[in-house]
Amino acid sequence: MLPALILIAGCTKQQPTFNYNVDKFYDLEVLRYKVPDFESLNVQQKTLLYYLSEAALHGRDILYDQNCRYNLRIRRALEQVYINYADKQDPQFALLEKYLKRVWFSNGIHHHYSEDKFLPEFTREWFDAALAATGTQLDEEVKDVMFVPGIMAKRMSQADGEDLIAASAGNYYGEGVTQAEAEQWYAEHKDNSAEPLWIGLNSQLVKEDGVIKERVYKVGGLYSEALAKVVENLEKALQYAETNEQRTAISKMIDFNKTGDLKTFNEYCIAWVKDLESRVDYVNGFTETYSDPLGITGTWESMVNFKDLEATKRTQTISANAQWFEDHSTTDPQYKKEEVKGVSAKVITAAMLGGDCYPATPIGINLPNANWIRKEYGSKSVTIDNLAHAYNEAAKGNGFNEEFMVDDDIRRLYEEYGVLCSDLHTDLHECVGHGSGKLMPGVTKDALKEHASTIEEARADLFGLYYLADNKLVELGLLPDPDAYKAGYYQQMMNGLMTQLVRIEPGKDIEEAHMRNRQLIANWVYEHAADKEVEIIERDGKHYLQVNDYEGLRRLYGELLREIQRITSEGDYAAAKQMVETYAVKVNQELHKEILERYARLDLAPYKGFVNPVYTPVKDKDGNITDVRIDYSEGYVAQHLRYSRDYSDLPDIN
Ligand code: ZN
């Protein structure tokens, strides 16, 4: 049963303002996202989306258990105390609420991003009394895991020299399984055929009587109760599939959940990647492997979505003009592709987030992960516009742009065109940037070794930046105003030189390839701005980026694009190394300190996540779904309590 809904529909004239900001605690902020054009879906599509959403929600417990074997017991005890504890004004109770909100956000007791265990602020004595007062059972062993700092301190450890399994709280391996044993088991079972099975994707390795065994995630196996509900809803969704490929994909996913058979999983991936025509699409199952310290087993996730037709047209336009972009770029003709094909990226609207996509979520998806399938059948790469839009709307008025942008003119331009510039830049980067240019004979892709990804991202970014200012975009109807690009240029320079440093700890170098690439571009341009095309000015002891000549800035981007393409095409490792080491890695310590202080004063949460909308089917007297209603009014606490009540299928201990 769904709770009674407060519908915000019903009055079409006075739309209440949509509130993107839902909640904020610790370093986390919860937002709400809109699902534009949901009403443009037909009943079949809405019904399909509804059942896929139900399937998405039933995987929630799986993720808690994968993250740590104690998570479900802890969450349930906390929720029981939260609901039943009498004195809601008790300051210790407020601390429990804060901790529980954090547990929901992280799907467990470890920070979703840093992997570190966070500790309750309420006392263990108070918690014991609250458990007793509410008739809640929780073993001392589990309380130790909650309260004692050293126990299960990291969800996933990648520290050199440690047994990574022993050092990680993640539940991908049963008690007593060592890293060496797991690696040996994987090595013995590895499939070396041309169309390999992803051995270990959907199982936990355990030790029984000294022998390593697989507990497979399937109906009748590990996570049976949750996967049975996933299957039940996929079976309902199947009846509303839009295309034959989609029908095949959903059937294969059902079979895979029932049997755990990895050949069926490969068939699912192939059918899924071939399904390009359906408006509604989804991810559902054991997918990304970042959370397994050995990088083998998939973490359960789901995202239900549908194609954003308008924005997809935008990427198709760019991709249809791929040859024009290639021919007119600043790169040396010998490094250009004679025949270049644009990639048509799909832009989607997220409609339901589940498992490892909830509440914190990726803003892009690129699947499947198996290389041989990508090579033979391609992959689906999508950007998720409505979530990016929600981040942006929620950030308005938080003081960030006021603090860091140099004047009102650029701030206004950014507020008007910032999102569009960022969307277009991403499209150019993905649809034509990466695919442009060619390698000279004998040069291989890995010639630039450890600097390959920084240089490759810089190349695609520069391609996008160079064309963002081109009149061609205005001609193609993609930019409404020939000055709009300035918002994107200013943002790139400000971010690359200054504001992205808020994510770096004092004294540390920049490691991540995308961040390196952004600083590389901005720093190089800054150092080469001989006529002060860009400069950093000081006002009242604060530093600001100022762009004096946008056309000059474009020329500098173009020059760097030419050099980065040369480095790539020639496989010039020495030049790549020099470029990265000079511009991308080291941080200006004084500027960094200032930026961190200014950022800290804004008191912003660096990590964001979402609440989902609520979908309610409307049925006729025979029980057929005639429409699906969407409602955005549910809050963060209410949503999690409802999910725990209606979508919690697993036993305490699996
Ligand atoms: Zn890229």
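Before reading further, recall that the structure is shown in the block above.
Below you will find a few notes about this structure. These numbers come from a predicted model, not from an experiment. (Residues numbered from 1 in each chain as written. Predicted model: local features only at pLDDT ≥ 70, side-chain atom pairs only at ≥ 80, totals over all residues. Heavy atoms only, no water.)

**Re the coordination of the zinc ion**
Thought 1: Surrounding the zinc ion are the protein donor atoms H429 (NE2), H434 (NE2) and E457 (OE), at 2.1 to 2.2 Å.
Thought 2: The sequence motif formed by the donor residues of the zinc ion is H-x4-H-x22-E.
Thought 3: The exposure class of H429 is buried, given its relative accessible area of 8%. (Donors = N, O, S within 2.8 Å, 3.2 Å for Na, K, Ca; no water. Buried < 20%, exposed > 50% of the residue type's maximum accessible area, 1.4 Å probe, protein only.)

**Looking at the packing of helix 17 (residues 452-468) against helix 21 (residues 550-570)**
Thought 1: At a closest axis distance of 9 Å, the pairing of helix 17 and helix 21 adopts a crossing angle of 145 degrees. Where helix 17 crosses over helix 21, the two elements pack in a sense that is left-handed. Seen from helix 17, the contacting residues are I455, R459, L462, F463, L465, Y466 and Y467; seen from helix 21, they are R554, Y557, G558, L560, L561, I564, Q565 and T568.
Thought 2: A breakdown of the residues in the contact of helix 17 with helix 21 according to their chemical character gives ten nonpolar, three polar and two charged. (Axes fitted to C-alpha atoms, helices over the stretch in contact; angles between N-to-C directions. Helix = DSSP H or I, 4+ residues; strand = E, 2+ residues; numbered from the N terminus. Left-handed = near helix turned anticlockwise from the far one by under 90°. Contact = heavy atoms within 4.5 Å. Nonpolar A, V, L, I, M, F, W, Y, C, P; charged D, E, K, R; others polar.)

**Let's talk about the sheet that holds strand 1 (residues 21-25)**
Sheet strands pair via backbone hydrogen bonds, and the direction of the pair is either parallel or antiparallel.
Thought 1: Taken together, the three strands give an open sheet; going across it, the order is 1-2-12, and neighbouring strands pair in mixed fashion. Sheet topology places strand 1 and strand 12 (607-611) at the edges, where each strand pairs with a single neighbour. When strand polarity is set aside, the average angle formed by the axes of neighbouring strands in this sheet is 25 degrees.
Thought 2: Direction of pairing for strand 2 (residues 28-32) relative to strand 12: parallel, over a ladder of five bridges. Residue pairing across strands places L31 opposite F610, the latter belonging to strand 12. (Pairing = 2+ DSSP bridges.)

**Quick word on the environment of G488**
Thought 1: With respect to the element layout, G488 can be found in helix 19 (residues 485-497).
Thought 2: For G488, a relative accessible area of 12% puts it in the buried group.
Thought 3: In the structure, G488 is positioned 19 residues away from A469 in sequence and 9.0 Å away in space, judged by C-alpha atoms.
Thought 4: Residues within four places of G488 in sequence aside, it is in contact with C421 and L468.

**Some details on unusual backbone geometry**
Thought 1: Looking along the chain, the bond that leaves Y358 and enters P359 is cis, with omega of -10 degrees.
Thought 2: Positive phi values are uncommon outside glycine, yet K532 reaches one of about 55 degrees.
Thought 3: Looking at the element boundaries, K532 is found in the loop between helix 20 (513-528) and strand 10 (534-539).

**Things to note about the nonpolar core**
Thought 1: Membership of the largest hydrophobic core comes to 120 residues, with the highest contact counts inside it found for L78, F127 and Y615.
Thought 2: With near-sequence residues (within four places) excluded, L78 lies in contact with L96, Y99, L100, V103, F122, F127 and M146.
Thought 3: Counting residues in each nonpolar core, the second largest holds 71 residues, with A345, Y485, Y490 and M493 among its members. (Core = buried A, V, L, I, M, F, W, Y, C linked by side-chain atoms within 4.5 Å.)

**Quick word on the environment of L468**
Thought 1: Mapped onto the elements of the fold, L468 is located in helix 17.
Thought 2: Residues L468 and G488, 20 residues apart in the sequence, show an inter-C-alpha distance of 7.8 Å.

**Points about the packing of aromatic side chains**
Thought 1: All told, the structure shown has 39 aromatic pairs when counted by the stated rule.
Thought 2: Ring centres of F122 and W126 lie 5.7 Å apart, and the angle between their planes is 65 degrees; this geometry places the pair in the edge-to-face category. The pair formed by F122 and W126 is uniform in burial state, with each residue classed as buried.
Thought 3: One Lys or Arg, R75, reaches over the ring of Y64 and ends 4.6 Å from the middle of that ring.
Thought 4: For the cation-ring pair, R598 lies above Y544, with the distance from its terminal atom to the ring centre recorded as 4.9 Å. (Phe/Tyr/Trp six-rings, centres within 6.5 Å; stacked < 30°, edge-to-face > 60°. Lys NZ or Arg CZ within 6 Å of the ring centre and 35° of its normal.)

**What about the packing of helix 3 (residues 71-84) against helix 4 (residues 91-106)?**
Thought 1: Two elements in contact, helix 3 and helix 4, have axes whose closest approach is 10 Å; the angle formed by their N-to-C orientations is 140 degrees. Comparing the axis directions of helix 3 and helix 4 gives the class oblique. Where helix 3 crosses over helix 4, the two elements pack in a sense that is left-handed. Residues I74, R75, L78, E79, V81 and Y82 of helix 3 pack against F93, L96, E97, Y99, L100, V103 and W104 of helix 4.
Thought 2: Looking at side-chain class alone, the contact of helix 3 with helix 4 contains ten nonpolar, no polar and three charged residues. (Parallel < 35°, antiparallel > 145°, perpendicular 65-115°, else oblique.)

**Details of the sheet that holds strand 8 (residues 364-367)**
Thought 1: Strand order in the open sheet formed by five strands is 5-6-7-9-8, and the pairing between neighbours is mixed. Unpaired on one side and paired on the other, strand 5 (280-288) and strand 8 mark the two borders of the sheet. Put simply, the sheet's adjacent strands are angled 35 degrees from each other on average, direction ignored.
Thought 2: Its contacts with the sheet put helix 1 (residues 43-57) on strand 5, strand 6 (299-307) and strand 7 (346-355), and the angle it makes with strand 6 is roughly 165 degrees.
Thought 3: Relative to strand 5, helix 10 (residues 262-274) is tilted by about 150 degrees, and along the sheet it contacts strand 5, strand 8 and strand 9 (380-384).

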